[in-house]
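Topology and contacts: notes
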Amino acid sequence: MRLKVGFLLRSLVVVGTFLGLVVLWSSLSPKPSDDSPFGKRLPMSCPPVQDDDVHPRGDQFKPVVPWPHVEGVEVDLNSIRLQHGNNNLLVPNQTPNQKQVIQQQYVTFKPHTNPYTSPVLKTGVLGNFEPKEPEPPGVPGGPGEAAKPFVLGPEYKDSVQASIKEFGFNMVASDMISLDRTISDLRHEECKYWQYDETLLTSSVVIVFHNEGWSTLMRTVHSVIKRTPRRYLAEIVMIDDFSNKAHLKERLEDYLKQWNGLVKLFRNDKREGLIQARSIGAKKATKGQVLIYLDAHCEVGINWYAPLVAPISQDRTVCTVPLIDSIHGQTYSIEPQGGGDQDGFARGAWDWSMLWKRVPLGDREKKIRKTKTEPYRSPAMAGGLFAIERDFFFELGLYDPGLQIWGGENFEISYKIWQCGGQLLFVPCSRVGHIYRLPGWQGNPPPAHVGSSPTLKNYVRVVEVWWDDYKDYFYASRPETLTLAYGDISELKRFKEEHRCKSFKWFMEEIAYDIPAHYPLPPKNVDWGEIRGFETSYCIDSMGHTNGGSVEIGPCHRMGGNQLFRINEANQLMQYDQCLTRGPDNSAVIITHCDLNQHTEWKYFKDLHRFTHVPSGKCLDRSDMLHQVFTADCDTSKTTQKWEMNNIVAV
């Protein structure tokens with residue numbers, strides 16, 4: 001009997017254990033209605049989704065939590081993968097619950113991780129990055145010290161003109177000025193009292209050059225080394241864009257050895273142009289956390305570094321631009337640029353033909369600033385001098401690889417930064433002097449493999465990618481580009497979509513709101529092209545004159561440029577942002593800057609081959625012999641009052 005009871009007890013234990021295991025297994029097994037934190041297992045016939053097929057690997061593509069706030073610009077990979085034919089993801093029409101939403105991965109720009117305290121203004125207390133002693137002169141009492149103008153005598157005239165033709169500057173004077181000269185301090189007094197957190201990011205300074213003059217190039221390098229705290233200057237990277245000048249070969253390599261590797265030189269195997277050479281520079285510059293781009297003929301100012309890099313140290317999606325002062329290409333004196341407000345502050349802008357402009361800092365921006373000299377927002381940069389966190393620049397895709405040589409890249413990077421979640425700030429307390437080329441420079445023609453009109457093609461690529469419907473205003477201002485081939489922009493469009501970049505309308509309303517007040521949206525064109533004397537080979541030519549210069553008659557060249565005009569529905573006869581009007585003598589025709597409501601005074605009668613100056617009732621006339629353009633009493637018998645407007649197409 002005891003044996004039977006023991007057997008029954010053991011049997012009950014076994015059965016109970018089995019039932020317990022069944023219940024436990026059931027509770028742990030996923031049910032069809034459950035939302036697994038690991039997602040559904042794909043059938044064997046369906047290979048798993050490989051993110052590398054859609055995006056390259058990188059830290060910026062890691063999942064970001066918590067939901068729903070993500071620092072940066074969110075990209076819904078689910079929608080992207082659906083576009084590429086993956087049906088094993090969340091169905092668009094299905095209402096997701098919170099767990100499903102959390103499971104979706106988002107691509108963002110990497111979150112900011114560098115702890116940094118905002119700069120503090122302590123009026124009367126010298127800033128912690130300010131020099132404690134005056135800067136020693138390069139040569140005491142030497143030429144150009146303290147940025148005083150250095151004027152050469154008439155005996156140097158021929159050699160000066162030759163150097164301007166070759167390099168764009170008075171290299172004769174430059175070569176006599178110390179590479180370590182002192183400069184004038186053009187900063188506002190308030191700049192001297194900013195205190196900066198010393199945990200600034202380090203930087204690689206990138207300088208691209210092509211056939212640059214020796215002393216202007218080397219003075220750029222010397223000024224950076226002289227005025228940048230060594231602990232933050234990781235390297236200076238020089239990119240030689242296929243120069244052929246003898247002084248830029250072995251002599252340069254030997255000269256740079258004095259800095260024991262701080263200054264590095266890389267040479268392109270072919271002429272890449274300034275834009276792509278800068279992208280190459282970003283790849284070669286690996287030591288600094290920030291990339292600072294300088295043109296090859298600059299001099300950085302006193303305490304230029306901390307104000308420029310502090311905003312980036314605080315927010316990695318900020319791009320900063322120093323205030324750019326003008327170094328005179330003849331005398332090497334330094335003056336602030338004009339065109340700003342009463343403090344000299346201006347925002348970067350453009351007109352609708354995509355010419356670079358500067359507009360005064362307005363009240364709307366001033367109201368959001370607490371101090372006079374803190375950084376302020378700008379819609380665009382000039383492009384030659386700026387600082388950007390290296391990884392962020394790569395996340396933006398560097399420059400559009402389809403942009404060639406020079407032109408438009410400053411707008412492309414500005415739009416990309418603003419529309420895709422970053423900020424572009426001008427920094428009043430960081431000042432850098434820049435030498436502007438003088439008239440008479442022969443220039444550096446683009447290489448043969450580039451083809452014609454690279455700058456116009458660049459402009460078209462930029463507006464086609466970033467301007468949305470606003471591109472019609474560009475084509476109204478640059479009608480010759482309507483049929484211009486600009487290459488494949490599908491990857492750039494995809495970048496915009498994947499990064500959920502904002503529209504150009506948003507940008508114009510929130511950031512560039514003041515540009516239409518200075519450069520109104522252009523009316524539609526009535527006609528455009530060259531203005532040719534009827535049945536002649538002579539055309540109206542601005543000769544490059546602006547702001548009150550006379551237009552003339554010259555041989556037609558069918559290349560547009562100074563011979564390309566347009567007449568719009570507002571009755572303005574224009575070239576870029578300039579209008580034709582009558583001069584002070586009420587006869588000669590001049591060309592001058594105009595706004596939307598200015599100089600609305602021309603009618604073109606195509607069938608009559610006539611331009612009429614409406615306010616005076618006179619007709620556009622010319623003297624082929626004297627190369628003059630003027631207005632005169634209308635006379636249907638005069639052939640010099642007959643014109644034809646022929647479209648010109650850029651190629």
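Read on for a plain summary of the structure.

**Considerations on the overall build of the protein chain**
When helices and strands are counted, the protein chain shows 17 helices and 29 strands. Sorting the 651 residues of the protein chain into buried and exposed places 50% on the buried side. Sequence-distant contacts in the protein chain: of pairs separated by 6 or more residues, those separated by 24 or more amount to 75%. Accessible surface for the protein chain amounts to roughly 31200 Å². Of this, 56% is attributable to carbon and sulfur atoms.

**A few points about the packing of helix H13 (residues 454-466) against helix H15 (residues 490-498)**
Contact pair H13 / H15: the axes reach a minimum separation of 10 Å and the direction vectors enclose 35 degrees. The two elements H13 and H15 meet at a crossing, and its hand is right-handed. Contact with H13, carried on its side by Arg-461, Glu-464, Val-465 and Trp-466, involves Leu-492, Lys-493, Phe-495 and Lys-496 of H15 and no other residues of that element. Residue classes in the contact of H13 with H15 are distributed as four nonpolar, no polar and four charged.

**Describing the environment of Ile-567**
Inspection of the secondary structure assignment puts Ile-567 in strand S21 (residues 565-568). The class for Ile-567 is buried, based on a relative accessible area of 2%. Between the C-alpha atom of Ile-567 and that of Lys-603, which follows or precedes it by 36 residues, the distance is 8.1 Å.

**A few points about the pattern of salt bridges**
Scanning the entire structure with this criterion turns up 40 salt bridges. One salt bridge connects Arg-227 with Glu-135, and the closest N-O pair in it is separated by 2.8 Å. Note that Arg-227 is positioned in helix H6 (residues 214-227) and Glu-135 in the loop between strand S3 (120-121) and helix H4 (157-167), a separation of 92 residues in sequence. Taking the relative accessible area as the measure of exposure, Arg-227 reaches 8% and is therefore buried. Glu-135 sits in the partly exposed class, given a relative accessible area of 26%. For Glu-530, the salt bridge is made with Arg-558, and the minimal N-O distance between the two is 3.3 Å. A residue pair is termed long-range when its members are at least 10 positions apart, and Glu-530 in strand S17 (residues 525-533) and Arg-558 in the loop between strand S20 (552-555) and S21 qualify at 28 residues. Residues participating in the shared-partner salt-bridge network are Arg-347, Glu-365, Arg-377 and Asp-514.

**Quick word on empty space enclosed by the protein**
One simple way to see leftover space: roll a probe sized like a water molecule over the atoms. All told, the structure shown has six cavities of 30 Å³ or more when counted by the stated rule. For the largest cavity, the calculated volume is near 190 Å³. Lining the largest cavity are 18 residues, and of these Pro-520, Pro-522, Arg-566, Met-574 and Cys-594 lie nearest its centre. Split by residue class, the lining of the largest cavity holds nine nonpolar, five polar and four charged. Of the pockets and cavities examined, the second largest cavity occupies roughly 90 Å³. In terms of lining residues, the second largest cavity is bounded by 14 residues, among which Ile-183, Ser-184, Gly-301, Asp-325 and Arg-431 are the most central. When contributions to the lining of the second largest cavity are tallied by element, the ones reaching two or more residues are strand S9 (298-300) and strand S16 (423-435). It is S16 that provides the largest number of residues to the lining of the second largest cavity, a total of three residues. Among the residues forming the lining of the second largest cavity, the class breakdown is six nonpolar, three polar and five charged.

**Observations regarding the nonpolar core**
Across soluble globular proteins, nonpolar side chains have a tendency to be buried as a group. Counting 64 residues, the largest nonpolar core has Trp-350, Met-354, Ile-388, Phe-393, Tyr-415, Trp-466 and Trp-467 as the members making the most contacts within it. Leaving out residues up to four positions away in the same chain, Met-354 has contacts with Phe-411, Tyr-415, Tyr-459, Val-462, Val-463, Trp-467 and Phe-474. Membership of the second largest hydrophobic core comes to 45 residues, among which are Leu-248, Leu-308, Val-309 and Val-432.

**Side note on the packing of aromatic side chains**
Summed over the entire model, instances satisfying the criterion amount to 32 aromatic pairs. Between Trp-304 and Tyr-305, the aromatic rings sit 6.1 Å apart at their centres with planes inclined by 75 degrees, giving edge-to-face as the arrangement. For the pair shown, Trp-304 and Tyr-305 are each scored as buried. Taken together, a centroid distance of 5.7 Å and an interplanar angle of 35 degrees make the contact between Phe-345 and Tyr-376 tilted. Within this pair, whereas Phe-345 is found in the loop between strand S11 (334-335) and strand S12 (346-350), its partner Tyr-376 is found in strand S14 (residues 376-377), the two being separated by 31 residues in sequence. Neither Phe-345 nor Tyr-376 differs from the other in exposure class; each is buried. What links up through ring pairs into an aromatic cluster is the set Trp-350, Trp-352, Trp-356, Phe-411, Tyr-415, Trp-467, Tyr-470, Tyr-473, Phe-474, Tyr-475, Phe-504 and Phe-507.

**Concerning the state of the cysteines**
Throughout this description, disulfide means a covalent bond between two cysteine sulfur atoms. Using the criterion set out here, one finds five disulfides in the structure. Here Cys-579 engages in a disulfide with Cys-594; their sulfurs sit 2.0 Å apart. Around the S-S axis, the bridge from Cys-579 to Cys-594 shows a dihedral of about 65 degrees and counts as right-handed. Residue Cys-579 is located in strand S23 (residues 578-582), and its partner Cys-594 is located in the loop between strand S24 (589-593) and strand S25 (602-605); the two are separated by 15 residues in the primary sequence. Bridging Cys-619 to Cys-634, the disulfide has an S-S length of 2.0 Å. Given an S-S torsion of about 95 degrees, the disulfide between Cys-619 and Cys-634 has right-handed geometry. In this pair, Cys-619 sits in strand S27 (residues 618-623) while Cys-634 sits in the loop between strand S28 (628-632) and strand S29 (643-646), placing the two residues 15 residues apart along the sequence.

**Some points on the environment of Glu-644**
You can see Glu-644 is positioned in strand S29. Between the alpha carbons of Glu-644 and Arg-610 there is a distance of 7.9 Å; along the sequence they are 34 residues apart. Apart from residues no more than four positions distant in its own chain, Glu-644 is found in contact with Glu-530, Ile-531, Arg-532, Gly-533, Phe-534, Glu-535, Tyr-604 and His-609. Among the polar contacts made by the side chain of Glu-644, one reaches the main-chain amide nitrogen of Glu-535 at a distance of 3.5 Å.

**Some thoughts on H13**
Between its first and last C-alpha, H13 extends 18 Å over 13 residues, near the 18 Å set by a 1.5 Å rise per residue. With eleven of 13 residues buried, H13 lies mostly within the body of the structure. Turning to H13, its buried residues are Pro-454, Leu-456, Asn-458, Tyr-459, Val-460, Arg-461, Val-462, Val-463, Glu-464, Val-465 and Trp-466. Here the buried face of H13 lies against helix H8 (274-284), helix H12 (409-419), helix H14 (471-477), H15 and helix H16 (504-510). Backbone geometry just downstream of H13 places Asp-468 in the positive-phi region, at approximately 55 degrees.

**A few points about unusual backbone geometry**
The residue Ile-405 is not glycine, and still its phi comes out positive at about 60 degrees. Tracing the chain through its elements places Ile-405 in the loop between helix H11 (390-395) and H12. Owing to a relative accessible area of 10%, Ile-405 belongs among the buried residues under this scheme.

**Thoughts on the side chain of Ser-430**
Assignment of secondary structure puts Ser-430 in strand S16. Within the structure, the side chain of Ser-430 is placed 2.8 Å from the backbone oxygen of Trp-304, a separation counted as a polar contact. With residues near it in sequence (within four places) discarded, Ser-430 still touches Trp-304, Pro-307, Leu-308, Pro-322 and Leu-323.

What counts, and where the lines are drawn
- Residues numbered from 1 in each chain as written.
- Predicted model: local features only at pLDDT ≥ 70, side-chain atom pairs only at ≥ 80, totals over all residues.
- Heavy atoms only, no water.
- Helix = DSSP H or I, 4+ residues; strand = E, 2+ residues; numbered from the N terminus.
- Buried < 20%, exposed > 50% of the residue type's maximum accessible area, 1.4 Å probe, protein only.
- Contact = heavy atoms within 4.5 Å.
- Areas by Shrake-Rupley, 256 points an atom, 1.4 Å probe, with all protein chains shown as cover.
- Axes fitted to C-alpha atoms, helices over the stretch in contact; angles between N-to-C directions.
- Left-handed = near helix turned anticlockwise from the far one by under 90°.
- Nonpolar A, V, L, I, M, F, W, Y, C, P; charged D, E, K, R; others polar.
- Salt bridge = Lys/Arg side-chain N within 4 Å of Asp/Glu carboxyl O.
- 1 Å grid on protein atoms, 1.4 Å probe; cavity = no way out; pocket = protein on both sides within 12 Å on 5 of 7 lines; lining within 4 Å.
- Points joined across faces, edges and corners; volume = space filled by probe spheres on them.
- Core = buried A, V, L, I, M, F, W, Y, C linked by side-chain atoms within 4.5 Å.
- Phe/Tyr/Trp six-rings, centres within 6.5 Å; stacked < 30°, edge-to-face > 60°.
- Disulfide = S-S within 2.5 Å.
- Polar contact = N/O pair within 3.5 Å; in protein donor to acceptor, adjacent residues only side chain to side chain.
- Expected span 1.5 Å × (residues − 1).

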